[in-house]
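# Geometric and topological summary
As a plain string of letters, each chain reads:
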Amino acid sequence: MSSSSDDAIVFRNVTLAYDHYPAVQHVSGSFSRGSLTAIVGPNGSGKSTLLKGMLGLLRPVEGLIEHQDISRSGIAYLPQQTEIERRFPISVIDTVLLGLWRRIGWARAATRQCREAAQQALAAVGLEGLERRRVETLSAGQFQRVLFARLMAQDAKLILLDEPFSAVDWRTSDQLLRLIASWHREGRTVAAVLHDLDQVRAYFPDALLLSRECVAWGPTREVLVPHNLRRARQMLESWSTEAEDNRRVAALGGTPHLDPLPANGEREGSV
Amino acid sequence: MTPYEFALSPFVEFGFMRRGLVGCLAIALGCGPIGTILVLRRMSLMGDALSHAVLPGAALGFIFAGLWLPAMTLGGVAAGLAVALLSGLVTRLTPLREDASFAAFYLISLALGVLLVSTHGSNVDLLHLLFGSILAIDDTALVLIGVIATLTLLGLAVIYRPLVVECFDPGFLRAVGGRGGLVHTLFLVLVVFNLVAAFQVLGTLMAVGLMMLPAAAARFWVRELSSLSATSSGVAVASGFLGLLLSYHLDLPSGPAIVLVAGLAYLASVLFGPRDSLRTLYLQHGRREA
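Only a predicted model underlies this, so the values are computations on that prediction, with no experimental measurement involved.

Cut-offs applied
Residues numbered from 1 in each chain as written. Chains lettered and ligands numbered in written order. Predicted model: local features only at pLDDT ≥ 70, side-chain atom pairs only at ≥ 80, totals over all residues. Helix = DSSP H or I, 4+ residues; strand = E, 2+ residues; numbered from the N terminus. Buried ≥ 20, exposed ≤ 12 C-beta atoms within 10 Å, placed from the backbone. Contact = placed C-beta atoms within 7 Å. Pairing = 2+ DSSP bridges. Axes fitted to C-alpha atoms, helices over the stretch in contact; angles between N-to-C directions. pLDDT = per-residue confidence, 0-100.

## Examining the environment of Leu225(B)
On the secondary structure map, Leu225(B) appears in helix 12 (residues 225-249). The exposure class assigned to Leu225(B) is buried, which follows from the 20 C-beta atoms found within 10 Å. For the pair Leu225(B) and Val164(B), spaced 61 residues apart in sequence, the C-alpha to C-alpha distance is 9.2 Å. Ignoring sequence-local partners within four residues, the contact set of Leu225(B) consists of Pro89(A) and Thr36(B).

## Some details on unusual backbone geometry
Residues and elements named next belong to chain A. In this structure, glutamate 163 is a non-glycine residue whose phi angle is positive, near 45°. Turning to its location among the elements, glutamate 163 is positioned in the loop between strand 6 (158-162) and helix 6 (170-185). Judged by the 19 C-beta atoms lying within 10 Å of it, glutamate 163 falls in the partly exposed class.

## Overview of the pairing of strand 5 (residues 75-78) of chain A
Residues and elements named next belong to chain A. Burial along strand 5 is two-sided: the residues Ile75 and Tyr77 and Ala76 and Leu78 are all buried. Here strand 5 pairs with strand 6 via 4 bridges, running parallel. Bridged to tyrosine 77 within strand 6 is leucine 160.

## Here's the deal with the sheet that holds strand 4 (residues 62-67) of chain A
All names here are of chain A. Spatially, the 3 strands line up as an open sheet ordered 2-1-4, and their pairing is antiparallel. A single partner strand is all that each edge strand has here, and the edge strands are strand 2 (21-32) and strand 4. Strand-to-strand twist in this sheet, taken as the mean axis angle between neighbours without regard to direction, amounts to 20°. With 8 bridges connecting them, strand 1 (residues 7-18) and strand 2 associate as antiparallel partners. The partner of alanine 17 across the bridge, within strand 2, is proline 22.

## Regarding the confidence of the model for chain B
Overall, the prediction assigns chain B a mean pLDDT of 88, with 96% of residues at 70 or greater. Here the complex is predicted with pTM 0.83, and the ipTM for its interfaces comes to 0.81.

## Considering the confidence of the model for chain A
Residues and elements named next belong to chain A. Confidence in the prediction of chain A, expressed as mean pLDDT, is 84, and 85% of residues score 70 or more. Summarising per-element confidence for chain A, the mean pLDDT is lowest in helix 10 (residues 243-251) (54) and highest in strand 3 (residues 36-40) (96). This model gives residues 254-271 a pLDDT under 50, and the stretch forms 39 contacts once residues within four places in sequence are excluded.

In structure tokens form, the structure reads like this:
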């Protein structure tokens with residue numbers, strides 16, 4: 001396929017693997033500049049893996065991921081919370097200021113401008129007044145808002161979110177979804193791994209349905225149709241003979257392909 | 001015995017006591033922040049492993065130069081860094097986790113050290129290396145400890161921000177290209193330096209004592225990173241002072257005396273500290289319910 005200058009990221013027949021076990025295979029397509037795309041699919045379909053590929057944390061074993069005029073450090077990325085040490089004594093405002101890493105780096109001072117940017121981001125997520133609180137005293141929902149504020153401070157052209165609402169209540173996810181919509185209006189390119197198909201239909205113009213391979217990629221109303229969703233489930237089931245191998249890889253300390261929840265344990269409205 | 005006779009006259013009368021005290025002060029300045037970060041990163045036992053890893057290098061220095069500190073120090077630094085870097089390499093290249101590779105290399109290192117000392121020296125020498133000796137703190141050693149403390153504080157100042165991020169959210173640091181691996185390595189180098197400084201006074205077996213115990217105790221008194229570091233340094237200095245006095249008056253070996261005082265400070269903090277101690281968690285809670 002050909003790429004146009006309107007594309008932010010182009011996938012050309014991309015296969016990503018952990019330890020020789022492919023997690024995503026033969027994905028081709030592109031995220032166009034300023035698009036707002038939901039990445040959906042059953043558990044273990046390679047959604048997080050795809051993000052890691054876009055970030056350059058995982059190199060394709062086959063194919064090519066092309067970034068158009070976006071450097072790796074120009075991508076803002078919100079991972080699933082697992083790696084964050086929540087009990088580390090760091091204040092809310094300092095956490096948000098980290099979003100300005102490209103400006104302050106190892107040793108440059110955080111200027112008044114930086115602080116104002118951080119304050120504004122905190123206000124946007126509805127946490128003004130909590131600047132001096134330590135993050136360990138926050139609720140899960142508040143903490144996720146802090147991470148969103150840090151993301152905003154990064155002021156990135158491309159924003160990648162990995163299951164940003166898995167640990168928050170509906171009020172928080174509602175507000176954060178509206179924030180994401182505002183990023184879209186500002187012309188940023190956003191891709192988010194999500195489970196709740198109602199959220200996707202309400203807020204995301206584009207969707208990428210993944211089941212190790214790309215099932216469908218395009219306007220959400222054309223992608224999230226019963227036929228595609230059924231196919232996605234069936235494709236993953238046909239992989240299930242290899243699930244045992246995957247679990248073995250996970251036990252050895254590799255990153256697991258399978259989410260802890262079984263695919264059939266998801267709530268209604270999900271894939 | 002007057003308070004003066006108890007607390008001051010040993011230091012006034014004896015040069016080795018003064019040098020011991022200054023040594024403890026310098027060690028405490030470096031070990032406070034280093035130990036705090038080790039505790040926050042859940043790497044307490046890695047500090048322990050590294051402290052044992054220092055032994056064969058110190059032993060080699062001892063075999064070639066006798067109880068001459070610069071040689072033992074150089075050897076100790078080399079052995080400690082070798083274990084830290086090799087463990088890091090194995091962690092990076094294989095699925096084995098960092099704690100396991102650390103354990104493997106420190107055991108190899110420790111066995112090698114004991115072997116070297118027992119074939120080339122008398123058992124008294126081994127005890128010297130393992131337990132340290134306050135009498136061995138001459139001016140060279142003091143300068144060395146002072147240099148290490150200075151380097152540690154300067155080094156921490158340079159890597160402070162990325163180190164904090166590496167502890168709090170290593171994935172983020174990776175994503176913004178903040179050189180987390182480099183920061184981690186530099187930090188381990190500082191840990192090794194401080195262990196080598198501490199083993200002059202406390203011996204390789206207990207060098208980690210002034211690093212971990214005060215830091216673990218401080219956790220029950222304050223919350224912020226800066227106050228945690230300052231409190232652990234304070235507890236370490238006080239432990240050094242009291243430990244030296246105990247060892248002087250009761251004729252005890254100085255290393256274990258100092259570490260035991262730090263241990264008492266830790267136990268007291270667990271029981272009675274103002275934050276999250278057993279007293280605040282259970283006693284006051286019970287009173288509120290009653």
